[in-house]
Amino acid sequence: MRSETLQAAKDRLAECGARLARDGYCIVEDAVPAALVRQLDEQLAPAFEATPFCEGGFYGSRTKRFGRLLARCPLADAFVRHPLLLGLAEEVLAPWCDTVQLNLTQAIALHPGALPQLPHRDQDMWRGAIGDCEYLVNVMWPFTDYRTDNGATLVWPGSHGAAALAAEPPGGPIVARMRPGSALLFLGSTLHGAGGNASGDIRRGMIVSYCLGWLKPYENQWLAYPPDVARRFDPDLAALVGYCQHRPNLGNFEGQCPSILLGAEIPEWIGAIDALRPDQQDLVEAYVAEQRRE
Ligand SMILES: O=C(O)CCC(=O)C(=O)O
Ligand SMILES: [Fe+2]
């Protein structure tokens with residue numbers, strides 16, 4: 001029974017991974033129970049209410065956004081560390097990093113009258129090479145139904161990877177129609193944008209975004225989750241929001257893994273310890289050994 005379930009999970013991962021690689025996006029139906037989404041939406045209701053509308057044509061003046069969802073609501077962890085979706089993000093990004101990190105969590109409310117958002121590629125927040133690698137993977141979790149009339153995310157199939165170098169996308173967009181419990185995954189290189197909300201109700205949802213572990217994340221994770229907050233997290237979640245080093249030595253605190261700040265006692269004096277990739281470790285060891293022989 002257990003191994004059958006494991007096999008089913010592996011099959012689903014492979015199938016979604018193939019669709020993501022082919023189309024640049026993939027909708028996963030029934031990724032979590034709708035009741036869990038409802039609970040999260042309810043717990044975030046005061047924040048949706050109190051947050052002012054955004055300013056600027058990209059964020060949208062009929063749109064509300066707020067981040068730090070893991071600090072606001074412990075339930076968010078189940079979405080951020082969803083085995084299938086996190087597994088897919090890790091699989092996409094693994095060729096270019098040691099570990100992935102959380103890029104952002106952001107709740108979004110698209111109010112009636114919101115205009116369609118500028119179609120864009122989220123990878124353009126970093127000015128790296130285009131078409132050679134993937135920088136991030138996004139997961140959009142709808143809290144309400146996502147429909148054509150209320151501004152469901154628009155996604156341009158096949159606009160990812162090297163196609164991001166072309167002046168025009170290969171065709172028109174699809175409307176990511178979804179119900180709460182489903183999730184839309186798309187690559188950082190995939191052209192997309194929020195649709196316009198011509199309906200009378202608010203489209204609510206949340207983006208959970210993962211990126212290469214050595215990039216500067218969109219949301220400053222250490223400020224969103226300072227040690228006093230991250231101390232309450234499961235160690236794997238704390239690592240995902242930045243309390244781990246990315247080899248070699250990136251994101252260290254006094255030369256050590258920043259997770260030392262989450263322990264009960266922080267040593268007054270901390271010495272630096274190498275945290276190298278295996279290839280660098282081998283090189284260093286051979287170099288040191290050679291000098292010792294001389
Ligand atoms: O709200 C949406 O459907 C998409 C939002 C988006 O792509 C963004 O803000 O970068
Ligand atoms: Fe976007």
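This text follows the structure it describes.
Trainee: How should the nonpolar core be read in this particular structure?
Mentor: Within soluble globular proteins, side chains that are nonpolar generally end up buried alongside one another. Within the largest apolar cluster, 59 residues are counted, with the highest numbers of intra-cluster contacts made by Leu40, Leu70, Leu85, Trp141, Tyr210 and Phe233. Broken down by element, this core gets its largest block of residues, 7 residues, from helix α5 (residues 83-93). Those residues within four positions of Leu70 in sequence are excluded, and the remaining contacts are Ala76, Asp77, Val80, Leu102, Thr105, Tyr225, Phe233, Leu237 and Val241. Within the second largest apolar cluster, 13 residues are counted, among which are Ile108, Met140, Leu184 and Ile207.

Trainee: Please explain the site of ligand 1 as it appears in this structure.
Mentor: Taken together, the residues surrounding ligand 1 are Phe58, Arg65, Ile108, Gln117, His120, Asp122, Met140, Thr153, His192, Ala194 and Arg203. A distance of 2.8 Å is found between an oxygen atom of ligand 1 and a side-chain nitrogen or oxygen belonging to Arg65. Between ligand 1 and Asp122, the relevant distance is 3.5 Å, taken from an oxygen atom to a side-chain nitrogen or oxygen of the residue. Taken by itself ligand 1 offers 300 Å² of open surface, and the protein chains cover 95% of this.

Trainee: I keep staring at the coordination of the iron ion (ligand 2) and nothing clicks. Help me out?
Mentor: In ideal tetrahedral geometry, four donors around a metal make angles of 109.5 degrees, whereas ideal octahedral geometry with six donors gives angles of 90 or 180 degrees. Around the iron ion (ligand 2), the protein contributes the donor atoms His120 (NE2), Asp122 (OD) and His192 (NE2), which lie 2.1 to 2.3 Å from the metal centre. Every donor residue of the iron ion (ligand 2) comes from the same chain, spaced as H-x1-D-x69-H. Under the relative-accessibility criterion, His120 is labelled buried at 12%. Owing to a relative accessible area of 15%, Asp122 belongs among the buried residues under this scheme.

Trainee: Would you explain the sheet that holds strand β8 (residues 192-193) in this entry?
Mentor: Consider a sheet: its strands pair through backbone hydrogen bonds, and that pairing is either parallel or antiparallel. What the 3 strands build is an open sheet, ordered β6-β5-β8; its pairing is antiparallel. With one partner strand each, in any of the chains shown, β6 (174-175) and β8 form the two edges of the open sheet.

What counts as what
- The written sequence of each chain sets the order in which its residues are numbered from 1.
- To read the labels, note that chains go from A and ligands from 1, taken in the order they are written.
- Selection of residues for local features in this predicted model requires a pLDDT of at least 70, selection of side-chain atom pairs for listing and counting requires 80 or more, and totals for whole chains, interfaces and linings are taken over all residues.
- As a rule here, side-chain values cover all heavy atoms of the structure and leave hydrogens and water aside.
- Nonpolar cores were defined as sets of buried Ala, Val, Leu, Ile, Met, Phe, Trp, Tyr and Cys residues, with membership established by side-chain atoms within 4.5 Å.
- Exposure categories follow from relative accessible area, calculated using a 1.4 Å probe and restricted to protein chains: below 20% of the type maximum is buried, above 50% is exposed, and the middle band is partly exposed.
- By the criteria applied, helices consist of DSSP H or I runs no shorter than four residues and strands consist of E runs no shorter than two, each listed in order from the N terminus.
- The contact rule is simple, with two residues in contact once any of their heavy atoms fall within 4.5 Å.
- Proximity is defined per residue: any heavy atom of the residue falling within 4 Å of a molecule or strand makes that residue near it.
- Pairing of N or O atoms within 3.5 Å defines a polar contact, subject to two protein rules: one partner must be a possible hydrogen donor and the other a possible acceptor, and residues neighboring in sequence count only if both atoms are side-chain atoms.
- The protein chains shown are the only cover counted for residues, whose accessible areas, like all others here, come from Shrake-Rupley with a 1.4 Å probe.
- Any N, O or S atom lying within 2.8 Å of the metal counts as a donor, and for Na, K and Ca the limit rises to 3.2 Å; water is left out, so some sites can look incomplete.
- Here, a strand pair is defined by DSSP locating no fewer than two bridges between the strands.

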